[in-house]
Amino acid sequence: MARTLLIDVRDRDERRAALLEDGRLSLYQVEREDERTLVGDILKGRVLRVEPAIDAAFVDVGLDRPGFLPADDRPLASDGGEPDASAPDSTAHDPTTSGATTPVAAPALQTSARGSIADRVRVGDEVVVQVARDPVGRKGATLTTQIAWPGRTLVLIPGSSRRAVSRRIVDPAERARIQAMVDALALPEGCGLVARTAIADASAEDVAAECAALAEAKRRVDAEAPSAPAPSVLHAEASFVTRVVRELAVRAPEGAAGPLVVVADPAEAADEARAALGSAPGIDVRAHAGPVPLFHAHGIERAVRELDEPSVPLPGGASLVIHETEAMWTIDVNSGRLRDRGSLEETALETDLLAAREAARQIRLRDLSGLVVVDFIDCREPANRDRVEQAFAAELAKDPSRLRTAPLSPFMTVEITRRRMRSGPARTGAERCPCCRGRGRVRTAAAAALAALRDLR
């Protein structure tokens, strides 16, 4: 499998990244200057309200809306592929995402991760928190007091004593080698760590250097937190280029062949990507050359724009229809012209297998979150229903976000809950349509202008 990671930060107001697998868009991230993700930022805030009825508190962290701090205080959400370090008998989520069993903060600011919210904080308390999910719509940011320090190869976890290895590394000999590497690292007192999948290709020197950098960042925040005003920013997450490289430039899936090629525009972004990758082998970083914009040069600008469309065509005339409601995202499978082929059962199975692959891909690309319901065409044969369910599960397994899936229902629907980490393409660069009373969305003037400038280039 040929993999290419495109990173376009030439336009100051909008930064984009796309992962291609065999030339086809597989993952997409976009961040606008006025909608920068806050996930991973460490903030000092002040408790405004404690709501025992929902067992949560609202914290002023200097944003437009107070942040939401639930009593069920979870570590920063991960890509879903790594085990959870907060559980006593497992390893931690590959993150930006893992967390500790106790929060990191100066003693006067520390809160307990157990008990009801009223037992943990009071109105007026100052707390150190990390942003677990960006604000979206009318909802403020979701916060956690269980701080995690993610790097490319490691996640430093205060309050833990364990040194865990990602469960995605399955070879026993490789796990033993990596475990020995992390056991030799010098950690701050009271800290554990999780080795991410990228550590498999990293040198011991690079891993040790990253561990020291994470420890120094933690030390600085611990020293500054007690005297910092509330609200204030104690630590801002890495730049877009560094975050993208850390999250997407990981080892190829099992059985995939060929190195990863990273193409960045402008050249300074390529230099930053090289610095973030260190001496990782099998990754070729290049600067984009030529007057044609990066995404146009690789022929995926149209694919990116199609992420705004509610209808997704499938081979042979079928399609997916994707809509957002107040409570959930819905994906309906439409057989289209395929209904004229063969028996009804054959048509349903053929369409559903195509839809299973594409629906999982669209969930990743559009970063659909919360409750997602996929309505497949009804198959009557139990064996065919099993094939559809297994095909969908296999495709969902490629998703880097944390999700849970219910079994296929008697009505051929599948319910998925997927963790939101940031505003996806459906929300970034879009606004409520003023012509339909909020029932649809149109591109903002700024987003449309940037697209036009790229076309003109």
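Read on for a plain summary of the structure. (Residues numbered from 1 in each chain as written. Predicted model: local features only at pLDDT ≥ 70, side-chain atom pairs only at ≥ 80, totals over all residues. Heavy atoms only, no water.)

**Thoughts on the overall build of the chain**
Part 1 of the argument: Helix and strand content of the chain: 10 helices and 23 strands.
Part 2 of the argument: Taken across its 457 residues, the chain has 52% of its residues classed as buried.
Part 3 of the argument: Counting contacts in the chain only where the partners sit at least 6 residues apart, residues at least 24 apart contribute 64% of the total.
Part 4 of the argument: For the chain, the exposed surface amounts to about 20700 Å²; the carbon and sulfur share of it is 52%. (Helix = DSSP H or I, 4+ residues; strand = E, 2+ residues; numbered from the N terminus. Buried < 20%, exposed > 50% of the residue type's maximum accessible area, 1.4 Å probe, protein only. Contact = heavy atoms within 4.5 Å. Areas by Shrake-Rupley, 256 points an atom, 1.4 Å probe, with all protein chains shown as cover.)

**Digging into the pattern of salt bridges**
Part 1 of the argument: Considering all chains together, one arrives at 30 salt bridges under this definition.
Part 2 of the argument: The residue Glu-126 makes a salt bridge to Lys-44 at a minimum N-O spacing of 3.1 Å. A residue pair is termed long-range when its members are at least 10 positions apart, and Glu-126 in strand E7 (residues 126-133) and Lys-44 in strand E4 (residues 42-51) qualify at 82 residues.
Part 3 of the argument: Judged by its relative accessible area of 28%, Glu-126 falls in the partly exposed class.
Part 4 of the argument: Residue classification places Lys-44 among the buried positions, given a relative accessible area of 1%.
Part 5 of the argument: Here Glu-301 makes a salt bridge to Arg-305, at a shortest N to O gap of 3.9 Å. Here Glu-301 pairs with Arg-305, and both are found in helix H7 (residues 301-305), just 4 residues apart, close to one helical turn. (Salt bridge = Lys/Arg side-chain N within 4 Å of Asp/Glu carboxyl O.)

**Concerning the sheet that holds strand E15 (residues 283-287)**
Part 1 of the argument: Strands sit in the order E3-E2-E1-E14-E15 across an open sheet of 5 strands; the sheet is mixed. At either end of the open sheet lies a strand with only one pairing partner, and these are strand E3 (24-32) and E15. Within the sheet, the average angular offset between the axes of one strand and its neighbour, ignoring direction, is 15 degrees.
Part 2 of the argument: Bridge analysis of strand E14 (residues 260-265) against E15 gives 5 bridges, and the strand direction is parallel. What sits directly across from Ala-264, in E15, is Ala-287.
Part 3 of the argument: Docked against the sheet, helix H5 (residues 267-277) engages E14 and E15, running at close to 160 degrees with respect to E15. (Pairing = 2+ DSSP bridges. Axes fitted to C-alpha atoms, helices over the stretch in contact; angles between N-to-C directions.)

**A word on the sheet that holds strand E21 (residues 413-418)**
Part 1 of the argument: Spatially, 6 strands are ordered E16-E17-E18-E19-E21-E20 in an open sheet, and the strand pairing comes out mixed. Each edge of the sheet is formed by a strand with only one pairing partner; in this case those strands are strand E16 (311-313) and strand E20 (403-405). Along the sheet, successive strands turn relative to each other by an average axial angle of 20 degrees, direction set aside.
Part 2 of the argument: Across 3 bridges, E20 lies against E21 in antiparallel orientation. The residue bridging Arg-404 from the neighbouring strand is Thr-417, located in E21.
Part 3 of the argument: Relative to the sheet, helix H9 (residues 382-396) contacts strand E19 (370-375), E20 and E21, its axis offset from that of E21 by approximately 15 degrees.

**A short note on the side chain of Ser-26**
Part 1 of the argument: As for its position among the elements, Ser-26 is in strand E3.
Part 2 of the argument: Given the relative accessible area of 6%, Ser-26 is considered buried.

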